[in-house]
Amino acid sequence: MGGAVSAGEDNDELIDNLKEAHYIRSDLVEQAFRAIDRADYYLEEFRDNAYKDLAWRHGNIHLSAPCIYSEVMEALDLQPGLSFLNLGSGTGYLSTMVGLILGPFGVNHGVELHADVIDYAYKKLDFFIKTSDSFDKFEFCEPSFVVGNCLEIIPNCRQYDRVYCGAGVQREHENFMKNLLKVGGILVLPLEEKLTKIIRTSHSTWETKKIIAVSFAPLVLPKNGDRSQSAEVSLPMFEVRTLQDLARISIRHTLKVILGASHERGAAGCQRPVLGVPKSGPCFKRRRIHRRRINSVLLASKHTLEHRMIPESFDDDSSDGVEEEGQLGRLGVGYQAKDEEEERGNRDSAQEPAINLLRERILSLPLPEPLKMYLLYYRQK
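Chains are numbered independently. Their residues run from 1 in the order of the written sequence. Totals for whole chains, interfaces and linings use all residues, but because this is a predicted model, local features are given only for residues with pLDDT of at least 70 and pairs of side-chain atoms are given and counted only at 80 or more. By convention in this description, side-chain values take in all heavy atoms of the structure and omit both hydrogens and water.

Caption draft 1: Up close: unusual backbone geometry. A positive phi angle, close to 50°, is found at aspartate 77, a residue other than glycine. Per-residue accessibility, obtained with a 1.4 Å probe over protein chains only, is compared with the maximum for each type, and a residue is labelled buried under 20%, exposed over 50%, and partly exposed between these values. Classification of aspartate 77 as partly exposed rests on a relative accessible area of 39%. Backbone geometry at asparagine 156 places phi at a positive 60°, although glycine is not the residue there. What counts as a helix is a DSSP run of H or I of at least four residues, what counts as a strand is a run of E of at least two, and both are numbered from the N terminus. Counting through the fold element by element, asparagine 156 comes out in the loop between strand S5 (144–147) and strand S6 (160–165). On the accessibility criterion, asparagine 156 (83% relative accessible area) is exposed.

Caption draft 2: Structural context of the packing of helix H2 (residues 27–35) against helix H4 (residues 93–102). Where H2 meets H4, the closest approach of the two axes is 9 Å, and the angle between their N-to-C directions is 125°. In terms of orientation, H2 lies oblique with respect to H4. Once H2 is placed against H4, the crossing between them reads as right-handed. Here H2 contributes Leu28, Ala32, Phe33 and Ala35 to the contact with H4, which in turn contributes Tyr93, Met97, Leu100 and Ile101. The convention used is that axes are lines fitted to C-alpha atoms, helices contributing only their stretch in contact, and that angles between N-to-C directions extend from 0 to 180 degrees. Angle categories: roughly parallel below 35 degrees, roughly antiparallel above 145, roughly perpendicular from 65 to 115, and oblique for all the rest. Left-handed describes a crossing whose near helix is turned anticlockwise from the far helix through less than a right angle; right-handed describes the clockwise counterpart. We call two residues in contact whenever any of their non-hydrogen atoms come within 4.5 Å of each other.

Caption draft 3: Layout of the packing of helix H7 (residues 243–262) against helix H10 (residues 357–364). The contact between H7 and H10 brings their axes to 10 Å, and the two run at 115°. Handedness of the H7/H10 crossing: right-handed. Across the interface between the two elements, Arg252, Leu255, Lys256, Ile258 and Leu259 from H7 touch Leu357, Leu358, Arg361 and Ile362 from H10. Only Asp, Glu, Lys and Arg are considered charged in this grouping, and only Ala, Val, Leu, Ile, Met, Phe, Trp, Tyr, Cys and Pro are considered nonpolar; every other residue, Gly among them, is considered polar. Taken together, the residues of the contact of H7 with H10 sort by class into six nonpolar, no polar and three charged.

Caption draft 4: Summary view of the environment of leucine 235. If you trace the backbone, leucine 235 turns up in the loop between strand S9 (206–213) and H7. Sequence spacing of leucine 235 and valine 147 is 88 residues, and the spatial spacing of their C-alpha atoms is 9.4 Å. Once you skip the residues sitting within four places of it in the chain, leucine 235 turns out to touch Leu85, Val111, Ile153, Cys157 and Tyr160.

Caption draft 5: Looking closely at the pattern of salt bridges. One side-chain nitrogen of Lys or Arg within 4 Å of one carboxyl oxygen of Asp or Glu is enough to make a salt bridge. Taken as a whole and judged by the stated rule, the model has 15 salt bridges. Note that lysine 372 is salt-bridged to glutamate 369, the shortest N-O span being 3.4 Å. Taken as a pair, lysine 372 and glutamate 369 lie in helix H11 (residues 369–375) at a separation of three residues, close to a single helical turn. For glutamate 369, a relative accessible area of 48% corresponds to the partly exposed category. Each of the salt bridges in this network shares a partner with another, and the network as a whole consists of Asp12, Asp16, Lys19, Glu30 and Arg34.

Caption draft 6: Seen up close, helix H3 (residues 66–76). Counting buried residues in H3 gives 11 out of 11 residues, a clear majority hidden from the surface. Turning to H3, its buried residues number three or more, namely Pro66, Cys67, Ile68, Tyr69, Ser70, Glu71, Val72, Met73, Glu74, Ala75 and Leu76. Following H3 by one or two positions, aspartate 77 adopts a phi angle in the positive range, close to 50°.

Caption draft 7: Region of the structure containing the sheet that holds strand S8 (residues 194–200). At least two bridges found by DSSP between two strands is the condition for calling them paired. The mixed open sheet is built from seven strands, whose spatial order is S5-S4-S3-S6-S7-S8-S9. Pairing within the sheet leaves two strands with one partner each, and these edge strands are S5 and S9. If you compare each strand with its neighbour and ignore which way they point, the axes differ by 15° on average. Across four bridges, the pairing between S6 and strand S7 (residues 181–191) is parallel.

Printed below as a string of structure tokens:
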């Protein structure tokens, strides 16, 4: 499933393509997608395929197409502090993006059928927290995963504000999925070959909206189709934050507010990303503008070359032709000089890594090193 947009050269260009095709429509979803490099969730030998709008599977490891994840994220209408349940959580890519929006006081749970995939998801989650500069831009709700079949979740379990199922749901299991929702909650799932959004409007009423046609593998049914013969799945506990964690959250939030106030962007300015924010906005679009200008230079140069190859006439209008040629030549040289200067600027800025100001501020605090490392989540960058 996928292929709705062109392949990108990198994660940012993939997101640009998804925006242009209106799969990504909100700033919050765009920020979450840019913060996490999709390629980091691929096995190393398959990274070249990461920026194609296609699903990927290797053994039990599976990622849906980017256009599908975009529609899911938009349909969930995520907000800080909500509770989220991901049925078929897989690599944790979607759960991690959701966690960037939920914030530290949200709930982020996943159920995955395969234990090896959960191990893979925790490995990728740890890599993101320890190495990604994007992590410091957000206040994160870390996901928790449990092994099991989502159709075997214990009856009368806690309900969630948002639920997503990443496998095709048979009609007979629709009500089971609906009952995982709080009143006012949103359920997104593939139902009868359509990605479907269901809002629980009361204890017994729901609103249903079909989003796009999709093709998902169906849910794996419990063994023998008999719940009484299968192991029940207990969802993770709703975590109560320790005083130590609350202090870390508060300190990091205060530092971000201070840094944000001192580095506000001007009305039309373009500055180096703060806190390791992924490229976006006017600075990022410069690369594409530069490509278009190169085409303009080539076109002007080609026109000039063709003009020079035409024999000059000896009538009174010949001077006009020489003047036009000179103007085109100056135009081409002017564009080229401007592009070369801009390219040098882009190259220089690309060579200078973005400064993570939050990290720098924490390291400069008059605190013991172990406490600084705790505030940094023991990060390696």
